[in-house]
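Commentary on secondary and tertiary structure
Below are the chains, spelled out letter by letter.
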Amino acid sequence: MNQNRMDNFTIRFASPGDTPLILYFIKALAEYEKMADQVIATESILLREWLFEKKAAEVLIGELDGNPIGFALFFHNFSTFLSCRHLSGRSIRFA
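Below you will find a few notes about this structure. (Residues numbered from 1 in each chain as written. Predicted model: local features only at pLDDT ≥ 70, side-chain atom pairs only at ≥ 80, totals over all residues. Heavy atoms only, no water.)

Topic: unusual backbone geometry
Backbone geometry places lysine 34, a non-glycine residue, at a positive phi of 60°. Here lysine 34 shows up in the loop between helix H2 (19-32) and helix H3 (43-51). Look at lysine 55: it is not a glycine, yet its phi comes out positive at around 55°. As for its placement among the helices and strands, lysine 55 is situated in the loop between H3 and strand S2 (58-64). (Helix = DSSP H or I, 4+ residues; strand = E, 2+ residues; numbered from the N terminus.)

This is how it looks when you write it as C-alpha cells:
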C-alpha cells in the first residue's frame, strides 16, 4: 500500500455519537453474510446494553482520509480453563 495512504489511515475508539455508524456496519455485515433478517439491534440497545452504558463490548473505527471505512466490535471474555482474559469479536472492512 502507498505510504501516503497509510499516513491518512487512523483507528480510534468509538463514541456514543458513532452509534448510527456502528449499526450501519452491523447491518452491512449481516447483509454480506446473508443474515440481514436476523439483525434485531437498534441504536438504543447498542447504547444502553452493549457499548457505552454497560460497556459489555467496545468498538474501534477505522478511517481513511477522515472517512469511516470499517470497524471492529469486540468484547472481553474470561476463560475458566485457561484462567485468562481474551478478546472475542468480529471485524469488517469496507473499501
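A short note on the nonpolar core
The nonpolar side chains of soluble globular proteins are, as a tendency, buried together. Counting 11 residues, the largest nonpolar core consists of Ala14, Ile22, Leu23, Phe25, Ile26, Leu46, Leu51, Ala57, Val59, Ile61 and Phe71. When residues of this core are traced back to their parent elements, those giving at least two are H2, H3 and S2. Broken down by element, the residue count for this core peaks at four residues, all from H2. If we skip the residues at most four places from it in the chain, leucine 51 touches Ile22, Leu46, Ala57, Glu58 and Val59. (Core = buried A, V, L, I, M, F, W, Y, C linked by side-chain atoms within 4.5 Å. Buried < 20%, exposed > 50% of the residue type's maximum accessible area, 1.4 Å probe, protein only. Contact = heavy atoms within 4.5 Å.)

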